[in-house]
Every structure is written in structure tokens, then in C-alpha cells.
Amino acid sequence: MEIKGSGIIYTLTKRDAKRVCNWLKNKGHNVSVYTADSDDRADLEQNLLNNEVKALVATVALGMGFDKPDLAFVFHFQMPGSVVAYYQQVGRAARGIDKGYGVLLSGEEDLEILRSFIDGAFPSEQDCEAVFELLLQHDEGLPKVKILAALNISSGKLNKLLTLVSLESPPPIVKDGSTWQLTTADLTEEFWARTRRLTALREKELAQMLTYVNLAHGKHMAFLIDALDGDAADVPVSSHPPLETSVDGEVEIEALKFLQRVFIPIAPRKKLPGGVTWAHYTGLKLSSKFRHQVGRALSYYGDGGWGRSVRNGKYEVGRFDDELVAACKAMIGEWDPSPKPTWVTCIPSNRHPDLVPDFARRLASALDLPFLAVLRAASDRPEQKKMQNSAHQAANLDGGFELTGAPWPSGPVFLVDDIVDSRWTLTIAAWLLLANDSGPVFPVVLSNSSKGA
């Protein structure tokens, strides 16, 4: 069934907006992506107003200011966090026409995304105490980069903490130029009571949305009106022809293959974070001579396509499937990096000593290239995934690898790893190879777990 007119497709994340848009374009639809990163948002809105596109695939960046009375449909690729948010968005459809469609899709990733929004909405008492204690030791204050270098807290959480706490009256911390300073005021119990109330409210709103998505057909509009304190007694029965709810098997296979071909570029790091030094490297800027080439990741970690297979191989089976070897070989064939690598090595791990080397060895065999495990972990370090910001991620790897005594080829090399997040592991391993006269280094990774992807 084809819906006449144009509309909006909402997603929870910028990454999903881009992927859904790319899939629809792949299917021949005239759509555009609209997020906070879009530089041409006014033009995109005008294109939709003029019906020059079938749909905008958008995040909440397409907000309350947009009004198109003849909007024919509003689809939600994922479930919003509250009935109010959902109603505000889906209510944009059919304001000036007789009929419009509102369609809500819901998958297993929705809860994970929405709970991360709730959990990250407010700073923790532990993080606040750590920041206050650090600033107490520095009367002159500290810039944000030095706070991050001193504390294992994510940049996003620190930004939210500094902003929210500095808005209290009186504020326990204030910004003076580029530095943050402690005042004589304390963070009151009312602040924490307020965060608990708002968190509980958001949990209640999420539970309400879960009830909504599980309602029987025909019950949804009455539920929405009742939840928004309206009178649901006279809710009319929809005269719309129902949309198809089953998925064509061939389209499902096509979508899976599409996801399996979403290769993610891995750009090299160009400088160290502020406040970080490496014992073997002078200065913050990483010379292009010692940077790896733009690499490739096969998937987004945990996602449909290959991402779930990677997660299962690492944490359930303890070995990556041969299908992942074949998929990486195909990815490299399409990528065709130049100059062509002549050998393969991999990132070592003391926690999983055989997992990545076993995969890299099989990939090398599939590519008909020699595999040499020339890198080894110099010492046990905390898990990289426990490092919450770039400064700690970079510092945790200083001196973390060393080269074995065996000779290695001087030609271009594939550097294999299973999961990439901050890219500092690849950065320091590539630096070590290049500083010891290897050829250009091309990272090949199974999954990208970066939230900013």
C-alpha cells in the first residue's frame, strides 16, 4: 500500500536517522535526513513543506516550530520516551487534511536507548563529590580538559554536571573564563530530591509507553486521550484502511543484507587529549607519519546485520564465526585499500588471548596473506571500556603494547581488532608499528561500539 503525500519518520538517534534514510534511498524513495548536525535544516524543512521530498527522517531536532497542515503521515522507527512526546510528534499529521497515518514501530533496542537517556539525565552524587573534591584542591580553578584528565568521567556527563550544578542558587561551582571554581555554597538536598522526582517521573512515562505499544488494535487513540486527561468517550473509530503488518520475506532478507554492507570508516586520531602525555611521544599533535590510514569496521556493535554475531562470538561462544571472516574478506574486496597490505597482524589481549588472533589468522588465510602476531600486551591494564573519557582512554594505553623480537615485514599491513570505541588502541598500536618501519597500517575491525557513531 502506498500512502499519498509526504511525512516525517522519527528516530531516537542521529545514527539511526542516517541509516533509515540510506535504506529508504536504497529502495528508491526521495527522502532526506534531518538531525542537529544538519547544516541546511531550513532548506530541508522548506523541501518538506513544498512536498519536494517524500519524507524527512528526523530526530527530535525537527521540533515544535515546524508545522505542515497537510502532513500525511508520521512514523516512529522507535518508541519515544513519553506519551506527551509521542503525541506532540504524531499530532503533526493531518492537521489540515481529513486523514493521516500515525505509525509506531518498537524493537528490542528501544528500551536500551531510552534507559540510557534516563540514566544520563542527571549527575550522580559520586561524580559531584569527585568534582568538588578536585576543585577544592585547586583554588585557582581548573578548565574542563584538566578535570577530565584527573577524573574518569565521560565528557557528556561532566558537561551536564557543570551546567546543572552551576544553575543552582546559590551555585556550588561557577565558571570564570575557561576555568571552573568551587564556591562556599553547598549542593542542597532539594537538588537531589528534584533529580529523584524527575527520574521517577521519566520511569513512569516510559512504563506508560510500554503499555501503549502492547495495546490491542483500536485501543490506542482512547489511551492517548485518557493519558493526556482528555475525554476518551467520543473517540471516533478510524476509517483508514489498515496498513500491512506482516513483512515481506524478500524485503527482510534485503534489509539484512543492506545492514551487512554498512561499512563504517575508522578515521585516525590526530592529537592527544588535553592534559595527557605519552612517555614515548613528544607533543600533543600526532604526526601524520605515525597515524594509521582510514580503516573499516564491519558493523555497529550489537545491531542487526553482523553486530549481534560479533557480540555473540565474543561473550557467548568465545570464537568469531567463519561467516564474519567471509564478510570481512568481502568488505576488504569492496574497500580495496591502496597500497595493498601484504600481511596481517592484530591487537593483543591478556584477557582474551586467543579470540582476536584466531580470527585474524583465519582472515589472513582467506586473504592469502601471512599472519604475524608481532604485538603483545606489555602489562595488564584496566579494561579500556571502563575508561569514561578520551583522556583516560589515551593515558591507559601509554606503554600498553610492545613489539616482539621476531622480524616483521615492512609492507602495508592490516591491523585487526574485534571492537573499536575511542580508537586509542588502534592509534597507539599503529604508532608502534609505524615507528618501527612497518608500511601503512589499515585497521580492520568487526564492530564499532562508539555512541557517537
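An account of the accompanying structure is given in this report. (Residues numbered from 1 in each chain as written. Predicted model: local features only at pLDDT ≥ 70, side-chain atom pairs only at ≥ 80, totals over all residues. Heavy atoms only, no water.)

Right, let's get into the nonpolar core. Core analysis: the largest hydrophobic core is formed by 31 residues, its most contacted members being W278, L375, L415 and L433. Of all elements in the fold, only strand 9 (264–266), strand 10 (295–300), helix 14 (390–396), strand 13 (401–403), strand 14 (413–420), helix 15 (424–435) and strand 15 (441–448) reach the threshold of two or more residues within this core. Broken down by element, the residue count for this core peaks at nine residues, all from helix 15. Contacts of L415, omitting those with residues within four sequence positions, involve T345, C346, I347, L375, L426, A429, A430, L433, V441, F442, P443 and V444. In this structure, L324, A327, V356 and F414 belong to the second largest nonpolar core, which totals 28 residues. (Core = buried A, V, L, I, M, F, W, Y, C linked by side-chain atoms within 4.5 Å. Buried < 20%, exposed > 50% of the residue type's maximum accessible area, 1.4 Å probe, protein only. Helix = DSSP H or I, 4+ residues; strand = E, 2+ residues; numbered from the N terminus. Contact = heavy atoms within 4.5 Å.)

With that out of the way, let us pick up the pairing of strand 4 (residues 73–76). Here strand 1 (residues 7–10) runs beside strand 4; their pairing, made up of four bridges, is parallel. Residue I9 lies in a different strand from strand 4, and its bridge partner there is F75. In this sheet, strand 5 (residues 101–104) lies alongside strand 4 in parallel orientation, the contact comprising four bridges. Its bridge partner being in strand 5, F73 is matched across the sheet by Y101. (Pairing = 2+ DSSP bridges.)

This part takes up the packing of helix 1 (residues 14–26) against helix 10 (residues 249–259). As a packed pair, helix 1 and helix 10 sit with axes 11 Å apart at the nearest point and diverge in direction by 125°. It follows from the interaxial angle that helix 1 and helix 10 lie oblique. Every pair of crossing elements has a handedness; the one defined by helix 1 and helix 10 is right-handed. Judged by residue contacts, R19, N22, W23 and N26 of helix 1 engage V251, E254, A255, F258 and L259 from helix 10. (Axes fitted to C-alpha atoms, helices over the stretch in contact; angles between N-to-C directions. Parallel < 35°, antiparallel > 145°, perpendicular 65-115°, else oblique. Left-handed = near helix turned anticlockwise from the far one by under 90°.)

Moving on to the packing of helix 8 (residues 189–213) against helix 9 (residues 220–227). Axis separation between helix 8 and helix 9 bottoms out at 10 Å; the angle between their running directions is 160°. In terms of orientation, helix 8 and helix 9 fall into the roughly antiparallel class. With respect to the hand of their crossing, helix 8 and helix 9 are arranged in right-handed fashion. Contacts between helix 8 and helix 9 involve Q208, T211 and Y212 on the former and, on the latter, H220, F223, L224 and A227.

Quick look at the sheet that holds strand 11 (residues 343–346) now. Spatially, five strands are ordered 9-10-15-14-11 in an open sheet, and the strand pairing comes out mixed. Lying at the two open borders of the sheet, with one neighbouring strand each, are strand 9 and strand 11. Neighbour-to-neighbour, the strand axes of the sheet open up by a mean angle of 25°, direction not taken into account. As paired strands, strand 10 and strand 15 are joined by four bridges and run parallel to one another. Bridged to Y300 within strand 15 is N448. Packed on one face of the sheet, helix 13 (residues 355–367) meets strand 11, strand 14 and strand 15 and runs near 135° to strand 14.

Take the sheet that holds strand 7 (residues 173–176) next. Pairing within the open sheet is antiparallel, and its three strands lie in the order 6-8-7. Each having just a single partner strand, strand 6 (142–143) and strand 7 make up the two edges of the open sheet. Direction of pairing for strand 6 relative to strand 8 (residues 179–182): antiparallel, over a ladder of two bridges. The residue bridging L142 from the neighbouring strand is W180, located in strand 8. Packed onto the sheet, helix 5 (residues 125–136) meets strand 6, strand 7 and strand 8 and runs at close to 90° relative to strand 8.

Working note: non-glycine residues mostly have negative phi, and peptide bonds are mostly trans. Across the junction of S169 and P170, the peptide omega takes the value -5°, indicating a cis bond. For P170, the position within the fold is in the loop between helix 7 (155–166) and strand 7. The amide bond that connects S338 to the next residue, P339, takes the cis arrangement and shows omega of 0°. Residue placement: P339 occurs in the loop between helix 12 (322–335) and strand 11. At D336, a position not held by glycine, the phi torsion is positive, near 50°. Structurally, D336 can be placed in the loop between helix 12 and strand 11. Of the residues examined, D336 reaches a relative accessible area of 44% and is grouped as partly exposed.

What follows is about a nonpolar patch on the surface. There is a patch of nonpolar side chains on the surface, built from V84, Y87, M221 and L228 and spanning about 330 Å² of accessible area. In this fold, L228 is placed in the loop between helix 9 and helix 10. (Patch = residues over 30% accessible without salt bridge, like charges linked within 9 Å, V, L, I, M, F, W, Y side chains within 5 Å. Areas by Shrake-Rupley, 256 points an atom, 1.4 Å probe, with all protein chains shown as cover. Salt bridge = Lys/Arg side-chain N within 4 Å of Asp/Glu carboxyl O.)

With that settled, the discussion passes to the pattern of salt bridges. Applying the stated criterion across every chain yields a total of 21 salt bridges. For E334, the salt bridge goes to R261, with nearest N and O atoms at 2.7 Å. Of this pair, E334 sits in helix 12 while R261 sits in the loop between helix 10 and strand 9, and the two are 73 residues apart along the sequence. Among the residues examined, R261 registers a relative accessible area of 53% and is labelled exposed. A single salt-bridge network, built from bridges that share partners, covers R15, D16, R19 and D303.

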